[in-house]
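# Overview (structure and organization)
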Amino acid sequence: FLETTAYFCMKPKMGEKEVSPHSFFSIWHEFSSDFKDFWKKENKLILQERVKEAEEVCRQKKGKSLYNIRPKHDSGIVSKNYSNT
């Protein structure tokens, strides 16, 4: 614990000899919760951008058909039976 507080350059509060775990972890908790909230917001924005990109690609592919659709001709057995009656 002492090595960790020294790594983060934490100094004890006025009147204390060492950094207490309570003071260190209260600051750490604030940092980690802020980071988690920021992380979630950032991931949500990235997801929205990817969805928009995918929708755009889908729209472009629908506009450019790779195949042609021809109208159906009445040449089957059923159509011949209806034309005779």
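Residues numbered from 1 in each chain as written. Predicted model: local features only at pLDDT ≥ 70, side-chain atom pairs only at ≥ 80, totals over all residues. Heavy atoms only, no water.

Taking an unreviewed UniProt entry as the reference, the chain is identified by name as FMN2 protein belonging to Oceanites oceanicus.

The next point concerns the confidence of the model for the chain. Confidence in the prediction for the chain averages 82 pLDDT; 76% of positions are at 70 or higher. When pLDDT is averaged over each element of the chain, helix α2 (residues 21–63) comes out on top at 91 and helix α3 (residues 77–84) at the bottom at 60. (pLDDT = per-residue confidence, 0-100. Helix = DSSP H or I, 4+ residues; strand = E, 2+ residues; numbered from the N terminus.)

Once that is clear, we can look at the pattern of salt bridges. This model, assessed by the stated rule, comprises two salt bridges. A salt bridge links arginine 59 to glutamate 55; the nearest nitrogen and oxygen atoms lie 3.9 Å apart. You can see arginine 59 and its partner glutamate 55 sitting in helix α2, four residues apart, about one turn around the helix. Note that arginine 59 is salt-bridged to glutamate 56, the shortest N-O span being 3.2 Å. Residue arginine 59 and its partner glutamate 56 are located together in helix α2, separated by three residues, close to a single helical turn. Here the salt bridges share partners, and the residues they tie into one network are Glu55, Glu56 and Arg59. (Salt bridge = Lys/Arg side-chain N within 4 Å of Asp/Glu carboxyl O.)

We now examine unusual backbone geometry. Phi is positive for cysteine 9, which is not a glycine, with a value near 55°. Following the sequence through the fold, cysteine 9 ends up in the loop between α1 (2–7) and α2.

Let us look at the packing of aromatic side chains. Applying the stated rule across the entire model yields 10 aromatic pairs. Geometrically, the ring pair formed by phenylalanine 1 and phenylalanine 25 is tilted, given 6.0 Å between the ring centres and 35° between the ring planes. Of this pair, phenylalanine 1 sits in the segment before α1 while phenylalanine 25 is found in helix α2, placing the two residues 24 residues apart along the sequence. Its relative accessible area of 45% is what places phenylalanine 25 among the partly exposed residues. Aromatic pair phenylalanine 8 and tryptophan 28: ring centres 5.7 Å apart, planes at 55°, arrangement tilted. Taken as a pair, phenylalanine 8 in the loop between α1 and α2 and tryptophan 28 in helix α2 lie far apart in primary sequence, 20 residues in all. By relative accessible area, which is 38% here, tryptophan 28 ends up partly exposed. Put simply, the rings of Phe1, Tyr7, Phe8, Phe24, Phe25, Trp28, Phe31, Phe35 and Trp39 touch in pairs and so form one group of aromatic residues. (Phe/Tyr/Trp six-rings, centres within 6.5 Å; stacked < 30°, edge-to-face > 60°. Buried < 20%, exposed > 50% of the residue type's maximum accessible area, 1.4 Å probe, protein only.)

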